[in-house]
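In case you want the letters, here they are:
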Amino acid sequence: MSLRRPRFGSPGPLGVRLRIAMSIDRRGFLKRAGASAGGALGAPACRTLGSTTASSGAPPDWAAVRAEFPLTRDRIHLALMLLTSHPRPVREAIERHRRALDENPIEHFEANFFHADDKVRAAAARYMGGKAEQVALTDSTTMSLAVLYGGLVLGDGDEIVTTTHDHYSTDESLRLAIARAGRGTRLHRIALYDQPVAASEDEITRRLVGAITPRTRLVALTWVHSSTGVKLPIARLAEAVATLNAQRPATARIRLCVDGVHGFGVERESPEELGCDFFAAGCHKWIFGPRGTGVLWGRPEAWTGHVGVVPPFEREPYGAWMKGELPKGPAGPMATPGGFHSFEHRWALGEAFAFHERIGRARITERIHALARQCKEGLSRMRGVKVQTPMGPALSAGLVCFEVAGLPAPEVVKRLAAKGILASVTPYATEYARFSPGILNTEAEIETTLREVRALTTG
């Protein structure tokens, strides 16, 4: 029996022969892609936040950054950590691909299918550290976490350590991983702090290290807790895990896995600098990426043993299938779920990373921390308001969670919305009102918001 597979070029049920360019010959394909792409991905990226800024090389001011977004001006947007607006360079890239796919879907697809994903992975690697082959492309944080935990093989008796502060997506991904693993695999969930506003680096580190046992193979954490606004000292925790790993054989090594979405695009440290093994994040929040995009980054040695979850649409594994061989290829592409995606969004993701880089990562971090501190300090001075998020930047980022005495969090958010201020409620059993000031906000907007919160305590 032959193991040769039919090629995509075989006639379909309607007798239409579509030549999908998934050639095994990498050089031949890239040559065609370069010739066919034309102005699609080959066009120079937008380099301006204003032409004078680009020519002078000076970083843009915050008004110029805000002008890149079509956000309504009759609202104060303090919930963009849920879903962002697209800046101009991202909108234009999406539109270029959307128009090309509408006008000539087959040729644009053929010209860009591998080529564009490679460029996006390269842009992500420049921002996140390491090499493009370390990056898997996904549609969200949830998909990244599912791919991560679904593809790591756990043995009978292995243990996962996680926390009581994590999001539904982490908890459910871990539960499903345990359900697929061998009998005796255990999930150990701990609290890293009791009162978020009083959390300390020492306490968090002590509790995590104390929970790790000889059976522990995975540690699953969240960089910034959307439940409280607490930012974990990931670099310090990574050092602690590395110390434990130095005393273990390679087969018993602990992998440190991080849901990083609410630090990604806020904090200046890259995943490589944090020292974690895996880093999962959606890109349609603080990164200002296209809606429906995400990344999963892993250290080369951490990817070893990851078996994937969804068949990847990549050159090497598809070529192996054609020959009846086992799949192989670089880790990130191999973990990228295959199938057809919203290509106009995925292929525009590189513009979001470039947008951040043009503004300056350190400037973004400084700006967000300053606005968040202004918000926390103002709230903490109000009678009847309790801030739940730590004040200092070591254990907080851009999320500010708080309570107003006598008002449930949904009512606080509802009343602020009636005043044109958009906040959110933490989606957990314990609910807090939550602000997420970012680089699209101003000091004046924060003062207006504080005034309206104060009115809630007196009315």
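Residues numbered from 1 in each chain as written. Predicted model: local features only at pLDDT ≥ 70, side-chain atom pairs only at ≥ 80, totals over all residues. Heavy atoms only, no water.

Asks: Can you lay out the confidence of the model for the protein for me, pointing to particular residues and giving the numbers?
Replies: With 87% of its residues at a pLDDT of at least 70, the protein reaches an overall mean of 89. In this model residues 1-48 is a low-confidence stretch, pLDDT under 50, and it forms 71 contacts with partners more than four residues away in sequence or in other chains. Throughout residues 50-56 the model reports pLDDT below 50, and contacts reaching past four residues in sequence, or to other chains, amount to 5 contacts. (pLDDT = per-residue confidence, 0-100. Contact = heavy atoms within 4.5 Å.)

Asks: Run through the nonpolar core, naming residues and quoting values.
Replies: Ranked by internal contacts, the top residues of the largest apolar core, which has 64 residues, are L221, F264, F279, V295, F353 and I439. Beyond its immediate stretch of four places on either side in the chain, F279 contacts M128, W223, V258, G260, F264, P271, L274, V295, L296 and W297. A372, V387, I446 and V453 belong to the second-largest nonpolar core, a separate cluster that totals 24 residues. (Core = buried A, V, L, I, M, F, W, Y, C linked by side-chain atoms within 4.5 Å. Buried < 20%, exposed > 50% of the residue type's maximum accessible area, 1.4 Å probe, protein only.)

Asks: Tell me about unusual backbone geometry, and name the residues and values.
Replies: With phi around 65 degrees, F288 is a residue other than glycine that occupies positive phi space. Along the chain, F288 falls in the loop between strand 7 (278-282) and strand 8 (294-298). The buried category is assigned to F288, whose relative accessible area is 7%. (Helix = DSSP H or I, 4+ residues; strand = E, 2+ residues; numbered from the N terminus.)

Asks: Residues and numbers for the packing of aromatic side chains, please.
Replies: The full count for this structure, using the stated rule, is 21 aromatic pairs. For the pair F288 and F355, a centre-to-centre distance of 6.4 Å together with 80 degrees between the ring planes defines the contact as edge-to-face. Of this pair, F288 sits in the loop between strand 7 and strand 8 while F355 sits in helix 15 (residues 349-359); the two residues are 67 residues apart in sequence, bridging distant segments of the chain. The exposure classification of F288 matches that of F355, with both residues buried. Residues Y318 and W321 carry aromatic rings whose centres are separated by 5.2 Å and whose planes lie at 45 degrees to one another, so their mutual orientation is tilted. (Phe/Tyr/Trp six-rings, centres within 6.5 Å; stacked < 30°, edge-to-face > 60°.)

Asks: I'd like a rundown of the pairing of strand 6 (residues 255-259), residues and numbers included.
Replies: Among the 5 residues in strand 6, 5 count as buried, and that is most of the element. Side-chain alternation along strand 6 places R255, C257 and D259 on one buried face and L256 and V258 on a second face that is also buried. In this structure, strand 5 (residues 216-222) lies alongside strand 6, joined through 5 bridges in parallel fashion. Residue pairing in the sheet places A220 in a bridge with C257 of strand 6. Once you follow strand 5 into helix 9 (residues 234-245) and on to strand 6, the crossover reads as right-handed. Alignment of strand 6 against strand 7, held across 3 bridges, turns out to be parallel. (Pairing = 2+ DSSP bridges. Right-handed = clockwise from strand over helix to strand, strands pointing away.)

Asks: So what's going on with the packing of helix 6 (residues 141-151) against helix 7 (residues 168-180)? Residues and values would help.
Replies: The interhelical angle for the contact between helix 6 and helix 7, taken along N-to-C directions, is 25 degrees, at an axis separation of 9 Å. Looking at the two axes, helix 6 sits roughly parallel to helix 7. Handedness of the crossing formed by helix 6 with helix 7: right-handed. On the side of helix 6, the interface is formed by T142, L145, A146, Y149 and G150, while helix 7 contributes S169, T170, S173, L174, A177 and R180. A breakdown of the residues in the contact of helix 6 with helix 7 according to their chemical character gives 5 nonpolar, 5 polar and 1 charged. (Axes fitted to C-alpha atoms, helices over the stretch in contact; angles between N-to-C directions. Parallel < 35°, antiparallel > 145°, perpendicular 65-115°, else oblique. Left-handed = near helix turned anticlockwise from the far one by under 90°. Nonpolar A, V, L, I, M, F, W, Y, C, P; charged D, E, K, R; others polar.)

Asks: Please provide a residue-by-residue account of helix 18 (residues 443-458), values included.
Replies: Over its 16 residues, helix 18 extends 23 Å from the first C-alpha to the last, a length consistent with the 22 Å expected when each residue adds 1.5 Å. For helix 18, the full list of buried residues reads E445, I446, T449, L450, E452, V453 and L456. Within helix 18, the buried residues cover an arc of 165 degrees as seen down the axis, which keeps them to one side. Away from its buried face by more than 90 degrees, helix 18 exposes A444 and T458. (Expected span 1.5 Å × (residues − 1). Arc of directions from axis to C-beta.)

Asks: Tell me about the sheet that holds strand 10 (residues 400-404), residues and numbers included.
Replies: Reading across from one edge, 9-10-13-12 is the order of the 4 strands in this open sheet, with antiparallel pairing throughout. The open sheet is flanked by strand 9 (385-387) and strand 12 (424-425), the only strands paired with a single partner. Here strand 9 runs beside strand 10; their pairing, made up of 3 bridges, is antiparallel. Looking at strand 10, one finds that V387 is bridged to F402.

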